[in-house]
Amino acid sequence: MNALIHHFTLAFRSGLRDKQLFIVNYIFPLAFYFFMGLVMTDINPAFTPTLVPAMVVLAIMFATLMGIPDPLVKAREDGILRSYRINGVPVSSTLVIPLLSTLVHMLVIAAIILVTAGPVFDAPLPSEPVAFLGTLLAMTFACAGLGTLIGVLSPSTTYTILLSQAVFLPSMLLGGLMVPLSMFSGIIERVAWMLPASHAMNAFNSLSMGFESGLNPYASLAMLAASGLVSYTLAHLFYNWDRRNTRRRSHPALTILALLPFLGSLI
Amino acid sequence: MKSAMIEVNEFSKTYGSFRAVDGISFAVQKGEIFGLLGPNGAGKTTTLECLEGLRMADGGTLRVAGVDPGRDTNRLRSVIGVQLQSSGLPETITPLEAMRFFCTYHKVAPRYDLLERLGLGQKEKARFAELSTGQQRRLALALAVAHEPEVLFLDEPTAGLDVASRAELHAILNEQQARGTTILLATHDMAEAEELADRIAILLHGRIAATGTPMEITATGASLTKVSVRTQQNLFNGHADHMPGVQQFDRIDDYGIFFSTDIEATIGAILSAIQTEDDTLIDLRVERPSLEDRFLEITTNGGQQ
């Protein structure tokens, strides 16, 4: 337990000390939040009610999809994972500690958004804080799992960028952050429901903000949790402490398996 | 009788169709420093990685302090210490944090005194990326020995170090040896192996091309022994390759340099000539072929002795 606490403390500090991590954990999400709060609420007043959940979802995507895979690949390339293995650091700790430290960073970001959204942008706050927190946890779990799986399966940081963007960009456009999910139909709607962001927005809006939902919000939470579970199971299965290790073969395309639980939304 | 702390018996390892290590055997006794030498791709790192439990052997048996590295990795962690060739630490970690982190996982009290001892006291709160190469190497060594392992694996421990840091690291390794730690050292640095290792094995194409003490290995080669002589009257200022055992003769400054295959006969003839010519000997130096000479000889001959 002591070792886990030390490991967590190190990972949390790294999120503040490492420039790249500090940018994706704090600078990008907060800069985007203030920009969207100023511009989008002015251009499209209908955006204001969803400002808080949309910016929390965006912050989670920044921190997890941009912040988790790269350091994992770099740790493998720099021999850090090898050093962990030699010194008895369990694989489970290596994979789960980034989730816990990112979660704390996200709670800080969520707190900043919740404190400022009302007075600065006149945005409504969640009426159900527990549901808000639960959705934040589920979304962080799902996206951190996806980020971890991308890091484990990517042979280089070039792949992490490609795979992360393959989830991040569609989520920005179709995840209900900028445009309500109800505006999509046909194939676009189906694609949108395959993304974790859509389910997080659905759950946030329905359970904590009191808006209508396009899908059972509890089903969305269940699918987010299932996706996280699939991702972490696969990441553990394909975990490799260096790329020369031939015992565990994998392919970056396997990342798509993490999205399988969202097929449930098409039923 | 000393017990073998590292036993390698008919060990082999293959990557695809490439046979990295081909049935090698050696044993390292308790408290011994054993050097593993060889050019790149000879199989040194593969051997180390299998002994460290990082990779599985394809054939043969391996034992480290009685532990099978391929099976009992948990027990192995407590008996081995490894100084890796690559950094192996996150850029933002400080030496103080790294010591606490690894010691906690080894379930021992952090050895902050080692940081002081290794000259990292002033840098204990600096980030790893801000440390010099020498400081990073010393930190890696401090972390490797903090849990007082029975067996220490070192992969190119002094690569990139300046002379002072290198001497300091050698002193620490000698201290470790004095307290009974068995050390397996993989290196390209012949002078380092000659200075530190009790015994060495030269690996070539995955096989052991030569093994023994540095003295034994250098003695078995076909290389010539160099005898440098200086006399009062510059007796050896012309050709002197007619002397017994001498294959080649050179003059450098006031010295006559003899390269001999029969050192006893050559020195006898030199002293006799000095006496006969009523000259006075000022300086006489005998230099056996170095380990580097012998290594080059072995690698050039493709492992043929």
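From a predicted model like this one, the values you see are computed outputs, not experimental measurements.

Criteria and thresholds
- Residues numbered from 1 in each chain as written.
- Chains lettered and ligands numbered in written order.
- Predicted model: local features only at pLDDT ≥ 70, side-chain atom pairs only at ≥ 80, totals over all residues.
- Helix = DSSP H or I, 4+ residues; strand = E, 2+ residues; numbered from the N terminus.
- Rg over C-alpha atoms; globule rule 2.2 N^0.38 Å.
- Buried ≥ 20, exposed ≤ 12 C-beta atoms within 10 Å, placed from the backbone.
- Contact = placed C-beta atoms within 7 Å.
- Nonpolar A, V, L, I, M, F, W, Y, C, P; charged D, E, K, R; others polar.
- Axes fitted to C-alpha atoms, helices over the stretch in contact; angles between N-to-C directions.
- Parallel < 35°, antiparallel > 145°, perpendicular 65-115°, else oblique.
- Left-handed = near helix turned anticlockwise from the far one by under 90°.
- Core = buried A, V, L, I, M, F, W, Y, C linked by C-beta atoms within 7 Å.
- Domains from an automatic or database assignment.
- Pairing = 2+ DSSP bridges.
- Expected span 1.5 Å × (residues − 1).
- Bend = angle between axes of the 7 residues up to and from the residue.
- Arc of directions from axis to C-beta.

**Concerning the overall build of chain A**
Okay, step 1: For chain A, the helix and strand inventory stands at eleven helices and zero strands.
Okay, step 2: Starting at the N terminus, the α and β elements of chain A follow one another as α-α-α-α-α-α-α-α-α-α-α.
Okay, step 3: For 267 residues, the compact-globule formula gives about 18 Å, and the C-alpha radius of gyration of chain A, at 18 Å, lands near that figure.
Okay, step 4: For chain A, the C-alpha atoms occupy an extent of roughly 55 × 40 × 30 Å along the three principal directions.
Okay, step 5: In chain A, which comprises 267 residues, the share counted as buried stands at 49%.
Okay, step 6: For chain A, the proportion of contacts with a sequence separation of at least 24, taken over those separated by at least 6, is 79%.

**Remarks on the overall build of chain B**
Okay, step 1: A tally of regular secondary structure across chain B gives ten helices and 13 strands.
Okay, step 2: Viewed in the frame of its principal axes, chain B has a C-alpha envelope of about 75 × 45 × 40 Å.
Okay, step 3: When each of the 305 residues of chain B is scored for burial, the buried share is 44%.
Okay, step 4: Contacts in chain B between residues at least 24 apart in sequence constitute 66% of all its contacts with a sequence separation of at least 6.

**A look at the interface of chain B and chain A**
Okay, step 1: Residue-level contacts link 20 residues of chain B with 19 residues of chain A.
Okay, step 2: The element that contributes the greatest number of residues to the side of chain B that touches chain A is helix H3 (residues 95-106) of chain B, accounting for seven residues.
Okay, step 3: Classifying every residue of the side of chain B that touches chain A by side-chain character gives ten nonpolar, six polar and four charged.

**Points about the packing of helix H1 (residues 2-17) of chain A against helix H6 (residues 91-121) of chain A**
Residues and elements named next belong to chain A.
Okay, step 1: Orientation of H1 relative to H6, taken along the N-to-C sense of each, is 55 degrees, at an axis distance of 9 Å. One finds that H1 runs oblique with respect to H6. H1 and H6 meet at a crossing whose hand is right-handed. In contact with Leu4, His7, Phe8, Ala11, Phe12 and Gly15 of H1, H6 contributes Ser93, Ile97, Pro98, Leu100, Ser101, Val104 and His105.

**Describing the nonpolar core**
Okay, step 1: By size, the foremost hydrophobic cluster in this structure holds 153 residues, and its most contacted members are Val57 of chain A together with Ala142, Leu185 and Ile202 of chain B.
Okay, step 2: When residues of this core are assigned to their parent elements, the largest contribution, 14 residues, is made by helix H3 (residues 51-66) of chain A.
Okay, step 3: Leave out the neighbours within four places in its chain, and Leu185 of chain B touches Ile33, Phe34, Gly35, Leu36, Leu154, Pro157, Ala193, Leu196 and Ala197 of chain B.
Okay, step 4: One finds Val227, Met243, Phe258 and Ile267 of chain B within the second-largest nonpolar core, a separate group that totals nine residues.

**With respect to the domain arrangement of chain B**
Okay, step 1: As assigned here, chain B comprises domain 1 (4-213) and domain 2 (225-288).
Okay, step 2: Once you take the C-alpha centre of each, domain 1 of chain B and domain 2 of chain B turn out to be 44 Å apart.

**A short note on the pairing of strand S9 (residues 207-212) of chain B**
All names here are of chain B.
Okay, step 1: As defined by bridge partners, strand S8 (residues 199-204) adjoins S9 across five bridges and the pair is classed as antiparallel. Bridge pairing in S9 places Leu204 opposite Arg207.
Okay, step 2: The turn linking S8 back onto S9 is made up of two residues, and His205 within it adopts a positive phi angle of 50 degrees.

**A closer look at H6 of chain A**
Owing to its 3.6 residues per turn, the α-helix brings residues three or four apart onto one side.
All names here are of chain A.
Okay, step 1: Counted at 1.5 Å a residue, the expected span for H6 with its 31 residues is 45 Å, and the 43 Å between its end C-alpha atoms agrees.
Okay, step 2: The principal kink in H6, of about 25 degrees, is found at Val115, preceding the proline Pro119 by one to four residues.
Okay, step 3: Immediately beyond the C-terminal end of H6, within one or two residues, lies Asp122, with a positive phi of roughly 60 degrees.

**Here we look at helix H10 (residues 291-300) of chain B**
Residue and element names in this part refer to chain B.
Okay, step 1: For H10, the set of buried residues is Leu291, Arg294, Phe295 and Ile298. Along the axis of H10, the buried residues cluster in a sector spanning 100 degrees; they form a single face.
Okay, step 2: Where H10 is buried, its residues contact strand S3 (33-37), helix H7 (190-196), S8, S9 and helix H8 (214-219).

**Details of the sheet that holds strand S10 (residues 225-231) of chain B**
For sheets, the rule is that strands pair by backbone hydrogen bonds, running either parallel or antiparallel.
All names here are of chain B.
Okay, step 1: With respect to topology, four strands assemble into an open sheet ordered S11-S12-S10-S13, the strand pairing being antiparallel. Because the sheet does not close on itself, it has two edges, and the strands there are strand S11 (246-252) and strand S13 (281-287). Along the sheet, successive strands turn relative to each other by an average axial angle of 20 degrees, direction set aside.
Okay, step 2: Where S10 meets S13, six bridges bridge the pair, whose relative direction is antiparallel. Counterpart to Ser228 in the pairing with S13 is Arg285.
Okay, step 3: Contacting S10, S11, strand S12 (255-260) and S13, helix H9 (residues 263-276) runs over the sheet at an angle of about 10 degrees to S10.

**What about the sheet that holds S3 of chain B?**
Residues and elements named next belong to chain B.
Okay, step 1: With respect to topology, six strands assemble into an open sheet ordered S5-S6-S7-S3-S8-S9, the strand pairing being mixed. The open sheet has two free edges, formed respectively by strand S5 (80-83) and S9, since each of these has just one partner strand. Averaged over all pairs of adjacent strands, the angle between strand axes in this sheet comes to 15 degrees, irrespective of strand direction.
Okay, step 2: Pairing analysis gives five bridges linking strand S6 (residues 151-155) to strand S7 (residues 182-187), with the strands arranged parallel. Residue Leu152 lies in a different strand from S7, and its bridge partner there is Ile183.

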